[in-house]
Amino acid sequence: MGFHSLSFHVMDEDTIGHDDVIGKITLSKEAIGSQAKGLDCWLNLTKVDPDEEVQGEIHLSLELLKDTEKISLRCQVIEARDLAPRDISGTSDPFTRVIFNNHSAETSIIKKTRFPHWGETLELELDPEELSEEGAVTVEVWDWDMVGKNDFLGKVEIPFACLHKTPPLEGWFRLLPLGNNEVDAGGKLGALRLKVRLVEDRILPSVYYQPLIHLLVESVISPTEVEDSSALTMLEEVNTVESRQDVAMTLVKIYLGQGLVVPFLDYLNTREVNHTTDPNTLFRSNSLSSKAMEQFMKVRRRICCFIAVGMLYLHEVLKPIINRIFDEKKYIELDPCKIDLNRTRRISFKGAVSEAEVRDSSVEMLQSYLTSIIESIVGSVDQCPPVMRVAFKQLHKRVEEQFAEPENEDVKYLAISGFFFLRFFAPAILTPKLFQLRDQHADTRTSRTLLLLAKALQSVGNLGLQLGHGKEQWMAPLHPIILRSVASVKDFLDKLIDIDHDIVSEVPQRAVFMPSVTVKEGFLHKHKAEGPQLLSRFAVKKRYFWLTSETLSYAKTPDWQVRSSIPIQCVCAVERVDENAFQQQNVMQVITQDNEGQLHTMYIQCKNVNELNQWLSAIRKVSIYNERMLPSFHPGAHRSGKWTCCLQADRAVTGCSRTHSAVTLGDWSDPLDPDGETQTIYKQLLQGRDKLRKKYVEMPDADQTSSSKEKINSDVHPDGAECNVQLVKPGQSVAARLLAVIEDLEQAHATFQRREKEDSTSVILNP
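Residues numbered from 1 in each chain as written. Predicted model: local features only at pLDDT ≥ 70, side-chain atom pairs only at ≥ 80, totals over all residues. Heavy atoms only, no water.

Participant: I'd like to hear about the pattern of salt bridges, residue by residue, with values.
Facilitator: Opposite charge on two side chains allows them to pair when their charged atoms are near. Applying the stated criterion to the full structure yields 29 salt bridges. Taking the shortest distance from any N to any O, the salt bridge between K683 and D201 comes out at 3.0 Å. Here K683 is found in helix α17 (residues 674–687), whereas its partner D201 is found in the loop between β12 (191–196) and α2 (210–221), with 482 residues between them in sequence. The class of D201 is partly exposed, set by a relative accessible area of 25%. Across the salt bridge formed by D690 and R693, the nearest N and O atoms sit 3.2 Å from each other. Linking D690 with R693, this pair stays in helix α18 (residues 689–697), spanning three residues, or about one helical turn. (Salt bridge = Lys/Arg side-chain N within 4 Å of Asp/Glu carboxyl O. Helix = DSSP H or I, 4+ residues; strand = E, 2+ residues; numbered from the N terminus. Buried < 20%, exposed > 50% of the residue type's maximum accessible area, 1.4 Å probe, protein only.)

Here is the structure:
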């Protein structure tokens, strides 16, 4: 929450030695936050100035001492943390210098650490006339070098006026750069196109969101007609196209948490079907209904464990065939305009490969892949999560009721296959990495194969109705296999919806909850915390790790019968390890606490920084609700009688760096956060409040109201009796309740913001 800037460094990878920095882009938090829709632009790279590459904080106490004999400025330099590494060993040799006017003093140098503990007091004797000056006390941190000039590590500037106040000024201060302006190289170093968006919210206590949750729940379970206005329909009215996907995902998570995701989807789908007159356009727009169904099939939820709605099913069906395509790396092309004979392998010894041979070989391989995909899908009825099957059953029913004519017989199938094939399986085949089917994006050759298969599968999802009508006639060799699959696809869809509607609520443990689902797995290297230096190669063991919502376990191989396990509930921190701890990169530590309160640390090395980030994120997510999370940790290791980070000898000394338990990679496996999700919906409604008030609450002009009232009184009561008539717009009651909830939440936010300002008593020197 306290970040100040976001930097992107473009590197030149070197096989030997350290990578070279080409240039960087730095965006301040204010610059990102000022754009409601986020930044999306090209930015020129700037040169990297070492004096600007600072990080970390320093703990200081400053006091102005006055007596009859002398006036002095006393500065206690206590410690610093997370300093930038300036030496090749990944550490620094820091010392601190305090400066005011022409006075200065320095601390001692502490070798090889980024977390120095000085505990030293520096005093500067001042002249009486200096007390009236408006300057600043500067505290600089430097990395001492035996050869060459010292390296700058950051500075703090404290207004001298602050020191006249009591009590003494003490706290952690963010280190700032020298202040050199970054020079735009005019594009000579290159440019990056970046899309960056900052979402920063104050999340209120749960009790404040209950009225809004109640209105959203009421929308889908109340007995009123589905066409009546509700909080959900009003949200759809004020929702923008740009935010529709985020809102759809948020609503799916809210209703999953309430156990009402099937009624929610049925409510939206029924409205969508009822408002559609042409079956060919059904669910073809980016409506809230279509987006919600799409997100529902992708989302994973967590209630004491991870529960896969669609992603686990997707992996079971597609991963084997996707892995086969990546492993074989076949050159496949059907478009005559794109066939490149130079990229093909020689098929025979008779000479060069002809275009016809490439095409025939491509058709054969595509038919093989497509057959495997279709067979895997149509044979997966029992693997499909029951909650998804029930949602499709309801959708099938609504479409069949709306389009009951014989000529629309296929519409009920197309409605389901449109989501199942076009919005779920086909996108996963096209970009497997986005669906976590692969760790890396496909190369050019494999990517083309995946594109052709995705096109073919879309035709399967359309039940072959549009074959031969498009521009890509070169796909014709695949038409026979597509048409042959239509019958099996329809049979599959019939079996898919043949499920008891109550099965989800009757047996939730078997149907929805899967506590043993594996969140992440793979080979990693496990380090021993201690061991003889000369035998360090025996201190690293290659092990296969499994992470579930309940345990982190490992064994020698994936098939090994005996596993060692760590209960997730015992995890209290998951953090990176400094490179100099083991002289190895991409090492993380999992800190656990036993029943006696003793801390234990396991060090694990990943093969690259991306894998490191993924494992850090995954373990933090499954342990996010643990009660005994640590506020601090040691980024080094305790070796040879001291910590490699802060050089403290006591193994049990408090950690020298703050933990990062909330820093994770956002993806579909994120845990449910009812308060955060309801806050997102509140913000959408707040933006559309005026629109809702104007449409549902505000009455016509007074003159029109008066004339209407007179006319009604005359018609209803010919004897002249007085009657007060109140014009009520459709949906006015619901809108009034919704607007009241929005206003209450707005006032609650204002109250909490005011309290935060009142409680903030410290001087913010480095905002």
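Participant: Describe the environment of K319, with residues and values.
Facilitator: Assignment of secondary structure puts K319 in helix α7 (residues 311–328). Through-space distance from the C-alpha of K319 to that of L437 is 6.0 Å; in sequence the pair is 118 residues apart. Once you skip the residues sitting within four places of it in the chain, K319 turns out to touch L314 and L437. (Contact = heavy atoms within 4.5 Å.)

Participant: Tell me about the packing of aromatic side chains, and please be specific about residues and values.
Facilitator: To describe a pair of aromatic rings, one takes the distance between the centres and the angle between the planes. Under the definition given, this model contains 17 aromatic pairs. Between Y313 and F420, the ring centres sit 6.2 Å apart and the planes meet at 40°, which makes this aromatic pair tilted. Here Y313 is found in helix α7, whereas its partner F420 is found in helix α10 (residues 411–430), with 107 residues between them in sequence. Given the relative accessible area of 2%, Y313 is considered buried. With a centroid separation of 4.9 Å and an interplanar angle of 85°, the aromatic rings of F523 and Y544 are classed as edge-to-face. (Phe/Tyr/Trp six-rings, centres within 6.5 Å; stacked < 30°, edge-to-face > 60°.)

Participant: Give me the lowdown on the packing of helix α4 (residues 244–258) against α17, citing residues and values where you can.
Facilitator: Close contact between α4 and α17 brings their axes to 9 Å; oriented N to C, the two are set at 135°. By the angle class used here, α4 and α17 are oblique. Here the hand of the crossing between α4 and α17 comes out left-handed. Along the contact surface, α4 presents V247, T250, L251, K253 and I254, while α17 presents E677, T678, T680, I681 and Q684. Class assignment of the residues belonging to the contact of α4 with α17 gives a composition of four nonpolar, four polar and two charged. (Axes fitted to C-alpha atoms, helices over the stretch in contact; angles between N-to-C directions. Parallel < 35°, antiparallel > 145°, perpendicular 65-115°, else oblique. Left-handed = near helix turned anticlockwise from the far one by under 90°. Nonpolar A, V, L, I, M, F, W, Y, C, P; charged D, E, K, R; others polar.)

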